[in-house]
2 protein chains.
Amino acid sequence: MPRVIAEISMSLDGFIAGPNDSLEHPIGEGGDRLHEWVVKQASWREHHGLEGGETGAASEAADEVWKNTGATILGKRMFDLAEGWGDEPPFRRPVFVLTHEKREPLVKKGGTTFTFVNDGVERALEQARAAAGDNDVAVAGGANTIQQFIKAGLLDELQIHLVPILLGDGKRLFSQSTTREIELQKVVDSPDVTHLRYRFAK
Amino acid sequence: MPRVIAEISMSLDGFIAGPNDSLEHPIGEGGDRLHEWVVKQASWREHHGLEGGETGAASEAADEVWKNTGATILGKRMFDLAEGWGDEPPFRRPVFVLTHEKREPLVKKGGTTFTFVNDGVERALEQARAAAGDNDVAVAGGANTIQQFIKAGLLDELQIHLVPILLGDGKRLFSQSTTREIELQKVVDSPDVTHLRYRFAK
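Predicted model only: the values in this text are computed from it and were never measured. (Residues numbered from 1 in each chain as written. Chains lettered and ligands numbered in written order. Predicted model: local features only at pLDDT ≥ 70, side-chain atom pairs only at ≥ 80, totals over all residues. Heavy atoms only, no water.)

### As for unusual backbone geometry
Peptide bonds are trans in most cases, and residues, glycine excluded, mostly fall at negative phi.
All names here are of chain A.
Next, step 1: A cis geometry characterises the amide bond from Gly 141 onward to Gly 142, with omega recorded as 0°.
Next, step 2: For Gly 142, the location among the structural elements is in the loop between strand E7 (136-139) and helix H6 (143-151).
Next, step 3: Here the phi dihedral of Arg 92 falls at roughly 55°; this positive angle occurs in a residue that is not glycine.
Next, step 4: With respect to the helices, strands and loops of the structure, Arg 92 is situated in the loop between helix H4 (76-83) and strand E4 (94-98). (Helix = DSSP H or I, 4+ residues; strand = E, 2+ residues; numbered from the N terminus.)

### What to know about the confidence of the model for chain A
Next, step 1: Looking at chain A as a whole, the pLDDT averages 92, with 100% of positions reaching at least 70.
Next, step 2: Model confidence for the complex is summarised by a pTM of 0.93, with the ipTM given as 0.92. (pLDDT = per-residue confidence, 0-100.)

### Regarding H4 of chain A
Every α-helix carries 3.6 residues per turn, so stepping three or four residues along brings you back to the same face.
Residues and elements named next belong to chain A.
Next, step 1: Taken residue by residue, H4 has Phe 79, Leu 81 and Ala 82 as its buried positions. Looking straight down H4, one finds that the buried residues subtend no more than 160° of arc, so they occupy a single side.
Next, step 2: In this structure, the buried side of H4 is in contact with strand E3 (69-75), E4, strand E5 (106-107) and strand E6 (113-117). (Buried < 20%, exposed > 50% of the residue type's maximum accessible area, 1.4 Å probe, protein only. Arc of directions from axis to C-beta. Contact = heavy atoms within 4.5 Å.)

### Description of the interface of chain B and chain A
Next, step 1: Counting from both sides, the interface comprises 35 residues of chain B and, opposite them, 35 residues of chain A.
Next, step 2: Taking both sides of the interface into account, the surface hidden between chain B and chain A amounts to around 2,500 Å²; carbon and sulfur atoms contribute 61%.
Next, step 3: On the chain B side of the interface with chain A, the three residues burying the most area are Leu 12, Leu 166 and Phe 174 of chain B, jointly 25% of the side's total.
Next, step 4: Where chain B touches chain A, the interface holds two salt bridges. (Buried area = accessible area lost by both parts, 1.4 Å probe. Salt bridge = Lys/Arg side-chain N within 4 Å of Asp/Glu carboxyl O.)

### Some remarks on the relation of the copies chain B and chain A
Next, step 1: It takes a turn of 180° to lay chain B on chain A, together with a shift of 0.0 Å along the axis; the resulting RMSD is 0.0 Å. Given the turn and translation reported, the copies of this chain are related as if by a two-fold rotation axis. Across chain B, the smallest distance between a C-alpha and the rotation axis is recorded for Gly 14 of chain B, namely 3.3 Å.
Next, step 2: Taken as a fraction of all interface residues of chain B, those also at the interface in chain A reach 100%, which identifies the copy contact as same-surface. (Least-squares fit on C-alpha atoms with pLDDT ≥ 70 in both.)

### Focus on the pattern of salt bridges
Next, step 1: In the structure shown here, the tally under the stated rule is 28 salt bridges over all chains.
Next, step 2: Across the pair Arg 77 of chain B and Asp 21 of chain B runs a salt bridge whose closest N-O atoms are separated by 3.2 Å. One end of the pair, Arg 77 of chain B, is in helix H4 (residues 76-83); the other, Asp 21 of chain B, is in the loop between strand E2 (15-17) and helix H1 (36-39), with 56 residues separating them in the sequence.
Next, step 3: Residue classification places Asp 21 of chain B among the partly exposed positions, given a relative accessible area of 27%.
Next, step 4: The closest approach of N and O atoms between Lys 76 of chain B and Glu 101 of chain B, which form a salt bridge, is 3.8 Å. Of this pair, Lys 76 of chain B sits in helix H4 while Glu 101 of chain B is found in the loop between strand E4 (94-98) and strand E5 (106-107), placing the two residues 25 residues apart along the sequence.
Next, step 5: We classify Lys 76 of chain B as partly exposed; its relative accessible area is 27%.
Next, step 6: Several salt bridges converge on common partners, so that one network encompasses Arg 3, Glu 64, Asp 136, Glu 157, Lys 186 and Arg 197 of chain A.

The following block contains the structure:
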């Protein structure tokens, strides 16, 4: 059974973006430090058409969700960012965007199509599942979208890359009062980051 | 050089106590789940005069700070709780309590003495260091006290026992806007909890 997995980098103090974020500076002040570890990884670089990078536990952890994903769900704000990534975004698969905006699907080079879903997370997931077939569905953020999926009980797994920084302020992954049962499934200790995989109880 | 170490159990969503905490119910609703893992450990049980318990990685992780600690610092509220632990509290060492209350030292059975410090974290640490000698000083909470030590740059290490629960609400360990440089020092993966040790940059 394909899984629905959210994956995100979070600071030790719980932030997934720094303070004063904007479309020009989407991950806020200091927030780029959340992603320093991943842009160095060979797996991430390959998906983004870049050469080189580090191999090892962190590269594998960065690839684990990605390699089994058949469709991706994004919040509107994450899409606004992704739209800035040019003609050939790295997804190379169907992407479903949660938005109030009515808009025709957007077909990009390299296999990425953006489909705009106006009727909520359940319906977006339905479409993503159909597109993913036997592969997993990734909920790629942002925080609000991931929290919506957790609240709705639609998430099977949560992969957190816990980054050893204290951002002090910004956007929290867990800002809403969400309680659900989870269990720790796997811990991968790489030199820079702790990769934590949790499973939601059914 | 003896270290100054804070140790605390935190939920994945960043809480060290559940909502609606009170002196009668100090760790708030659901907050007891943060400590379920530790009360099962043989090391913890031994310190508390109890028999049995589990041995292994979690028991060792629960003991790591404790066994090298020569003096403990508590916030006033934590002391109010500790005072309820009876004539022979488990510390068995000098304990320094941050409080505005002027009060004579309180000597308990088994080696625990409570000394009340009215002039801030630096002075409390000075006294605790003197009492600890070659051993470490533990900052045992609560969250506010730990944050004060982080802000003042007085903490050398932070040991977080990351518990796979979502409390949804309550008291956050990182509620204040504190930024300091940390590095990941050690990860211990026990079945129930992830034990994360961070070192503060000097």
